[in-house]
Amino acid sequence: MLEELLIFTRGGLILWSSCRALGAAALKGSPIDALIRSCLLEERSADASFSQDNYALKWTFHNDLGLVFVAVYQKILHLLYVDDLLAAVRKEFAQIYDPKRTSYDEDFTDIFRQLHLEAEARAEEMKKSKQAVSSRPLPAVSHKTGPKARGTDSRGAANKGGSAKDDSDGDSGKEHHSALANGTFKATQENGARKDARPVVVKGKENGGPNDNGAFDVTKLQRLRKTDKKNAGADNAATKKLIKPDTKKKGKQDRVWDDKPSNKKLDFTDPADERGDEVTDHVAVNQGESMMDKDENLSSDSEEEEVEDGPKKKGWFSSMFQSIAGNNVLEKSDLQPALKALKDRLMTKNVAEEIAEKLCESVAASLEGKKLGSFTRISSTVQTAMEEALLRILTPRRSIDILRDVHAAKERGTPYVIVFVGVNGVGKSTNLAKVAYWLLQHNLSVTLAACDTFRSGAVEQLRTHARRLQIPIFEKGYEKDPAVVAREAIQEASRNKSDVVLVDTAGRMQDNEPLMRALSKLINLNSPDLVLFVGEALVGNDAVDQLTKFNQKLADLSAVPSARLIDGILLTKFDTIDDKVGAALSMVYISGAPVMFVGCGQSYTDLKKLNVKSIVKTLLK
């Protein structure tokens, strides 16, 4: 049973609803709102269907008129006529659509009833025809042997050595060809005379001389190969004895950059006191203004490369006339060359293949059926649509102003808690220190929580950062429950009136269930204000797997119904990728979480915001 069919514009104006027109009950929840948020706005409109609660939704577009048609039905029902009904409704409604009208309850209700009945009847007929075909008995297989088969049996008997005569009606003087194992043929007389030994035919030539009465001796060839291997091994052993390896070890030398020796101190540890209680030399905290507070200007005057449409099939005059006329309706076949070029370009920029494919399908769905404007090429139309889609995906849909959220938590009298999670070796501790430095520049008090009780040296690394930045650190050593350590750190920060608590966690692979269970416990027990996923900008397809499984594990292992998932992304090593910026797009697309920080160096100031326009320009360049 169809629950609802809704027609609305891309601007959100509802033109016709079956529930409103037919007086049916309203839907439970908001499945259509969820479809708009999760699919239509996220450039996933090329998906076949969408599920929300107990409902399944299918949709189609009329891109030229800017209309969206959505059908809602119960998930347990497999309605076969929904796609057919949507296509028929799209066609009929386009004929009566007027941009100046806002309601079609009187005109379209009777048309919809008729279309619904016809679609159901067609689906029922199709179902009955399929059942009739499946219930039809299979034809009996005949076991009679024809002339050709008899001839084959006769020849097979001749090959085995028994003399047999051919039962076919052919002349006795003709030759028959028997197929050999290697795919070649040898002519044999029809009299079936037996031969005790035949030379093997390879590529039409006999493998052996005229006096060779037997097959090729394979064992002889194997013995020759073994003899060659033994001789080669003996020669190598003799060579190794003659050449003596150089056992002299060279001492390790310092690397010198630009032919200039560096006197900069790189070791900031304190050999006198590993606990850091008596620090003999304080490092200056102020290294300058963080890049987070600097606005990055982007020039929009740079030339954009155009995507090739493929080989030109029309002459200059016909192409010019067609661009002036501007009445071509775009079809999927017209878009394929430009979309393939765009997909290849995105993949060369380190975008995951699955994400690039879905983006191109979404752009094709949004352009199919539109009329091409005057003096407009298909390539430029596709590129503009892709640019708009990328901007929508990468632009955050909620506020990412952490400073405002910190001040709001400060007014409530509670510390603002940020948890850093991610796989091994991506730079969680280093970028946590960068975030701490940025917060200190805004006159906020920060406490570090050393909850990486798994990796050797993790507590000492965080202690070094705390000593350099001259901020307190809460630690309990190793082999402790990180969830309990984080809770005690938050309690200590509340007593000391700290504004922000930065929680460092152990790196873990997305498939490590014990560590993922410990992380889920830490998040559920402490309810942090922000869960940041720290990921490398170097990854491509693996970014999709990491974020998908992190979110899936956090949801599956959560002890509460409303599980906390990843709230934001911190991209590290962004200064090492040149124009391979596709990881940012892959991570945002797969998780829906915005990129809040970008790490671009080794010093505390090397932390900046994501410039969305710059990323989009680089992806399409």
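Since the model is a prediction, treat every value here as computed from it, not as a measurement. (Residues numbered from 1 in each chain as written. Predicted model: local features only at pLDDT ≥ 70, side-chain atom pairs only at ≥ 80, totals over all residues. Heavy atoms only, no water.)

1. Quick look at helix H9 (residues 353–367)
No. 1: With 15 residues, H9 extends 21 Å from end C-alpha to end C-alpha; this agrees with the ideal 21 Å at 1.5 Å per step.
No. 2: For H9, the set of buried residues is Ile 355, Ala 356, Leu 359, Cys 360, Ser 362, Val 363, Ala 364, Ala 365 and Leu 367.
No. 3: Those residues of H9 that are buried lie in contact with strand E4 (55–62), helix H8 (332–348), helix H10 (378–394), helix H16 (541–556) and helix H17 (582–591).
No. 4: Downstream of H9 by one or two residues, Gly 369 has phi in the positive range, about 95°. (Helix = DSSP H or I, 4+ residues; strand = E, 2+ residues; numbered from the N terminus. Expected span 1.5 Å × (residues − 1). Buried < 20%, exposed > 50% of the residue type's maximum accessible area, 1.4 Å probe, protein only. Contact = heavy atoms within 4.5 Å.)

2. Description of the UniProt feature "domain: SRP54-type proteins GTP-binding" (unreviewed entry) in the protein
No. 1: Cross-referencing UniProt, the feature "domain: SRP54-type proteins GTP-binding" (unreviewed entry) maps to residues 594–607 in the present numbering.
No. 2: Counted over residues 594–607, helix gives 0% and strand 43%. Its end C-alpha atoms are 16 Å apart. (UniProt positions renumbered as here; feature names shortened; annotations may be inferred.)

3. Quick look at the packing of aromatic side chains
No. 1: Taken as a whole and assessed by the stated rule, the structure comprises 10 aromatic pairs.
No. 2: Residues Trp 438 and Phe 597 carry aromatic rings whose centres are separated by 5.7 Å and whose planes lie at 75° to one another, so their mutual orientation is edge-to-face. Placement of the pair is Trp 438 in helix H12 (residues 428–441) and Phe 597 in strand E16 (residues 595–599), with a sequence separation of 159 residues. Phe 597 matches Trp 438 in its accessibility class, with the two residues each being buried.
No. 3: Ring pairing ties together the aromatic residues Trp 16, Phe 69, Phe 93, Tyr 97, Tyr 104, Phe 108 and Phe 112, which thus form one cluster. (Phe/Tyr/Trp six-rings, centres within 6.5 Å; stacked < 30°, edge-to-face > 60°.)

4. Quick look at the nonpolar core
No. 1: Formed by 108 residues in total, the largest nonpolar core has its most connected members in Leu 502 and Phe 597.
No. 2: In terms of domain composition, this core takes at least three residues from each of domain 2 (329–394) and domain 3 (402–614).
No. 3: With residues up to four places along the chain from it excluded, the contact list for Phe 597 reads Met 292, Ile 402, Val 435, Trp 438, Leu 532, Ile 569, Leu 570, Leu 571, Leu 607 and Lys 608.
No. 4: If you look at the next biggest cluster of nonpolar residues, it comprises 25 residues, including Leu 79, Ala 88, Phe 112 and Leu 115. (Core = buried A, V, L, I, M, F, W, Y, C linked by side-chain atoms within 4.5 Å. Domains from an automatic or database assignment.)

5. Comments concerning the side chain of Asn 63
No. 1: With respect to the secondary-structure elements, Asn 63 resides in the loop between E4 and strand E5 (67–74).
No. 2: Residue class for Asn 63 comes out buried when judged on its relative accessible area of 5%.
No. 3: If sequence neighbours within four positions are ignored, Asn 63 has contacts with Arg 10, Ala 365, Ser 366, Leu 367, Glu 368 and Lys 370.

6. Quick notes on the pattern of salt bridges
No. 1: This model, assessed by the stated rule, comprises 22 salt bridges.
No. 2: Lys 358 is paired through a salt bridge with Glu 354; the nearest N and O atoms lie 3.4 Å apart. Of the two residues, Lys 358 and Glu 354 are both situated in helix H9; the distance of 4 residues between them amounts to about one turn of the helix.
No. 3: Residue classification places Lys 358 among the partly exposed positions, given a relative accessible area of 27%.
No. 4: Glu 354 sits in the partly exposed class, given a relative accessible area of 41%.
No. 5: Taken together, the shared-partner salt bridges in this structure form one network comprising Asp 511, Asp 545 and Lys 549. (Salt bridge = Lys/Arg side-chain N within 4 Å of Asp/Glu carboxyl O.)

7. A word on the packing of helix H15 (residues 513–526) against H16
Each pair of packed helices gets described by two things: the angle between the helix axes and the distance between those axes.
No. 1: Between H15 and H16, the shortest axis-to-axis distance is 9 Å and the interhelical angle comes to 65°. In this structure, H15 meets H16 at a crossing whose hand is right-handed. Every residue of H16 that contacts H15 at Glu 513, Met 516, Leu 519, Ser 520 and Ile 523 is listed here: Phe 550, Lys 553 and Leu 554. (Axes fitted to C-alpha atoms, helices over the stretch in contact; angles between N-to-C directions. Left-handed = near helix turned anticlockwise from the far one by under 90°.)

8. Comments concerning the sheet that holds E16
No. 1: The 8 strands are arranged E12-E11-E13-E10-E14-E15-E16-E17 in an open sheet whose pairing can be described as mixed. The outermost strands of the open sheet, each flanked by one partner alone, are strand E12 (473–474) and strand E17 (607–608).
No. 2: With 5 bridges connecting them, strand E14 (residues 530–536) and strand E15 (residues 568–572) associate as parallel partners. Counterpart to Gly 535 in the pairing with E15 is Leu 571.
No. 3: Together, E14, E15 and E16 form the strand contacts of H17, whose direction differs from that of E15 by roughly 165°. (Pairing = 2+ DSSP bridges.)

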